Each structure stands twice: as structure tokens, then as C-alpha cells.
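# Understanding the architecture of this molecule
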Amino acid sequence: MSGSDLVVIVLASGLGALIKGVTGMGYPIVAVPLISLAMGVEDAVVVVALPNLAANVYLCWEAREASRESRDLDRLLVFGVVGAVVGTILLVNVPEPPLQVALAITVVVFVVLSLRHAELRISPATSHRWSPAAGLLAGLSQGAVGASGPVVATWLHGYRLSPKAYVFSVTSIFAVTGFAQIVVLVSQGAFTADRLLGALLAALPVAAMIPLGVRLRGRLGGPAFERAVLAALLLSATSLLLDLLT
């Protein structure tokens, strides 16, 4: 792992962690594409996995008082674990280019859906019926490309939860599916010495920026900030596809 790789890890992790501290999501979907430009998708997913789990546990605990407002978490979590195991096995056994394309598409879909802001509302009966499918898809996305945010965010957006309940719900799902992903990665021998070093370095800006993002939540959540975040995500997806073609 070169010095430039380490710099990319630190900068990408800092940016992603700040966004995650504000919104409850965004760390892997920002950090993985940027890190993968220097190291490859599998390396990026493995490096980000441990600090991302720590960030999710912290944010879930910080928003725990809103846990009673959550919905369908048990079903989402159970099926999310199943999907994360299957997706992680795919990550370490399939060629990298399809994963790069999948990751770029994931980011673009998230940006498009965020810009549209469809005013849908999912009823309790509908969410209960379809939550296993949503959890499975979220887990698959987490395991295979290291980012379940687009699936989870889109699904839970329709629940119309309070901001704190939303953060609690998304980080709960991220934490559980992320833990399942890490277990599989360990069993596959994915955590090499270089990747563990990268994870350790990534954890430093995460530890610094997550609390800052939490303090900024509510101050920098306006339309201008959201558009800047979406622009950064779209840029990362574009860069990933250009890297694939060169």
C-alpha cells in the first residue's frame, strides 16, 4: 500500500464520516468509490468495513431514545444479515469490473432518487409485508459493494419517521448487516495486513468527523448542503466509471 493510497483513505474517510454524522448515512457510499479509484473495489470495501461498523454503533447509540418510533426493524435486520452474507461471498469470488459498475450504478440511483424526493408514504401493512425483501436487498448491497444506503434510505424514506428515529433505524440496519459482512470477510481471509492498516487509518478521521457531523446536524442540513453532497456522490460515480474505461 503506497503513501498516496493512505492519503486517499484518510481524505475519503473524513469526507464520508462528516456526511454520515449529519445524515446517518453516506460514509461507505462516499468512501468506497473514492478509495476504490486507488486500490480497487474489494480493497476499499474491506478497508471501510470496520470503521463503518464503529460509526454505525456510535450513531445508533446516540439516537437510541427514538427507538420506539422505529418500524419493522426485526424483519429488516434478519433478512439483511442473510443478504449481507451472500453479498460478501460474491464480493470475494467474482471479478472486480462488475462490482465497479454495480457500485457506480448504486451511487447514481441514490442521487436520482434523492433529487426526485418522491412524496410516497408506505403504510404499516405494506412495509410489514415487503420488509423482508427490502432487508435482503439491503444486505446484498452491503456485502457485495459495501453500501446499502441507497436501498435502506429509499425504503425508510417512505416510513416518514422523525429525523432521530430515521437515524436510529438506518444505523441499526447498517450496523447489523455490516457486522455480518465483517464475519464473512474474516472467514474468507480478506483482512490482510495492508487492509488492516488502511482500516486503522480510516478510523482516525471517522472518530474525528462523526461527532462533528452530529453537532452540525440541523445546521447544515439545508438544500444547498444536500445538493453539494449529491454532486460529490455523482462525481465519485463518474470517476469510478472513467477509471474502469481507462
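Bear in mind that the values here come from a model prediction, so they are computed numbers and not experimental data.

Quick look at the overall build of the protein now. Scanning the protein for helices and strands turns up ten helices and zero strands. By residue count, 49% of the 246 residues in the protein fall in the buried class.

Right, let's talk about helix α9 (residues 193-216) for a bit. For α9, which comprises 24 residues, the first-to-last C-alpha distance of 35 Å matches the rise-based estimate of 34 Å (1.5 Å per residue) to within 8%. The sharpest bend along α9 comes to roughly 25 degrees, located at Val-206. Buried within α9 are the following residues: Arg-195, Gly-198, Ala-199, Ala-202, Pro-205, Val-206, Ile-210, Gly-213, Val-214 and Leu-216.

Let us look at a nonpolar patch on the surface. There is a patch of nonpolar side chains on the surface, built from Val-78, Phe-79, Val-82, Val-86, Leu-90, Val-94 and Leu-136 and spanning about 520 Å² of accessible area. Sorting elements by how many residues they give to the nonpolar patch places helix α4 (residues 73-91) first, with five residues. With respect to the helices and strands, Val-78 occurs in helix α4.

Note on placement: Gly-26 falls in the loop between α1 (3-23) and α2 (27-39). On the basis of relative accessibility, which here comes to 10%, the residue Gly-26 falls in the buried class. C-alpha separation for the pair Gly-26 and Asn-52, spaced 26 residues apart in sequence, amounts to 10.0 Å. Those residues in contact with Gly-26, other than ones at most four positions away along the chain, are Gly-16, Ile-19 and Lys-20.

A separate point is unusual backbone geometry. Despite not being glycine, Asp-72 has its phi angle at roughly 60 degrees, a positive value. Among the structural elements, Asp-72 can be located in the loop between α3 (41-62) and α4.

Here we come to helix α6 (residues 124-145). If you check α6, its first and last C-alpha atoms are 29 Å apart, about what 22 residues at 1.5 Å a residue would give, namely 32 Å. The principal kink in α6, of about 50 degrees, is found at Trp-130, preceding the proline Pro-132 by one to four residues. Three or more residues of α6 are buried, namely Ser-127, Ser-131, Pro-132, Ala-134, Gly-135, Ala-138, Gly-139, Ser-141, Gln-142, Gly-143, Ala-144 and Val-145.

Our focus in this paragraph is the pattern of salt bridges. Inspection of the entire model under this criterion finds four salt bridges. Note that Arg-195 is salt-bridged to Glu-42, the shortest N-O span being 3.5 Å. Here the residue Arg-195 occupies a position in helix α9, and Glu-42 occupies one in helix α3, the gap between them amounting to 153 residues. Classification of Arg-195 by relative accessible area gives buried; the value is 10%. For Lys-164, the salt bridge identified is with Glu-62, shortest N-O distance 3.8 Å. Placement of the pair is Lys-164 in helix α8 (residues 163-187) and Glu-62 in helix α3, with a sequence separation of 102 residues. Under the relative-accessibility criterion, Glu-62 is labelled partly exposed at 22%.

Here we come to the environment of Leu-90. Within the secondary structure layout, Leu-90 lies in helix α4. The class of Leu-90 is partly exposed, set by a relative accessible area of 40%. Along the backbone, Leu-90 and Ala-144 are 54 residues apart, and their C-alpha atoms lie at a distance of 6.0 Å.

Looking at where Ser-172 falls in the secondary structure, it is placed in helix α8. Classification of Ser-172 by relative accessible area gives buried; the value is 8%. In terms of polar contacts, Ser-172 uses its side chain to reach the backbone carbonyl oxygen of Phe-168, at 2.7 Å. Contacts of Ser-172, omitting those with residues within four sequence positions, involve Cys-60, Leu-73 and Leu-77.

On to the packing of aromatic side chains, then. According to the stated counting rule, one finds one aromatic pair in the structure shown. In this arrangement the basic side chain of Arg-64 is found over the ring face of Trp-61, its NZ or CZ atom lying 3.9 Å from the centre. Directly above the aromatic system of Tyr-159 lies the positively charged group of Arg-71, at a separation of 4.2 Å from the ring centroid.

Rules and cut-offs
- Residues numbered from 1 in each chain as written.
- Predicted model: local features only at pLDDT ≥ 70, side-chain atom pairs only at ≥ 80, totals over all residues.
- Heavy atoms only, no water.
- Helix = DSSP H or I, 4+ residues; strand = E, 2+ residues; numbered from the N terminus.
- Buried < 20%, exposed > 50% of the residue type's maximum accessible area, 1.4 Å probe, protein only.
- Expected span 1.5 Å × (residues − 1).
- Bend = angle between axes of the 7 residues up to and from the residue.
- Patch = residues over 30% accessible without salt bridge, like charges linked within 9 Å, V, L, I, M, F, W, Y side chains within 5 Å.
- Areas by Shrake-Rupley, 256 points an atom, 1.4 Å probe, with all protein chains shown as cover.
- Salt bridge = Lys/Arg side-chain N within 4 Å of Asp/Glu carboxyl O.
- Contact = heavy atoms within 4.5 Å.
- Polar contact = N/O pair within 3.5 Å; in protein donor to acceptor, adjacent residues only side chain to side chain.
- Phe/Tyr/Trp six-rings, centres within 6.5 Å; stacked < 30°, edge-to-face > 60°.
- Lys NZ or Arg CZ within 6 Å of the ring centre and 35° of its normal.

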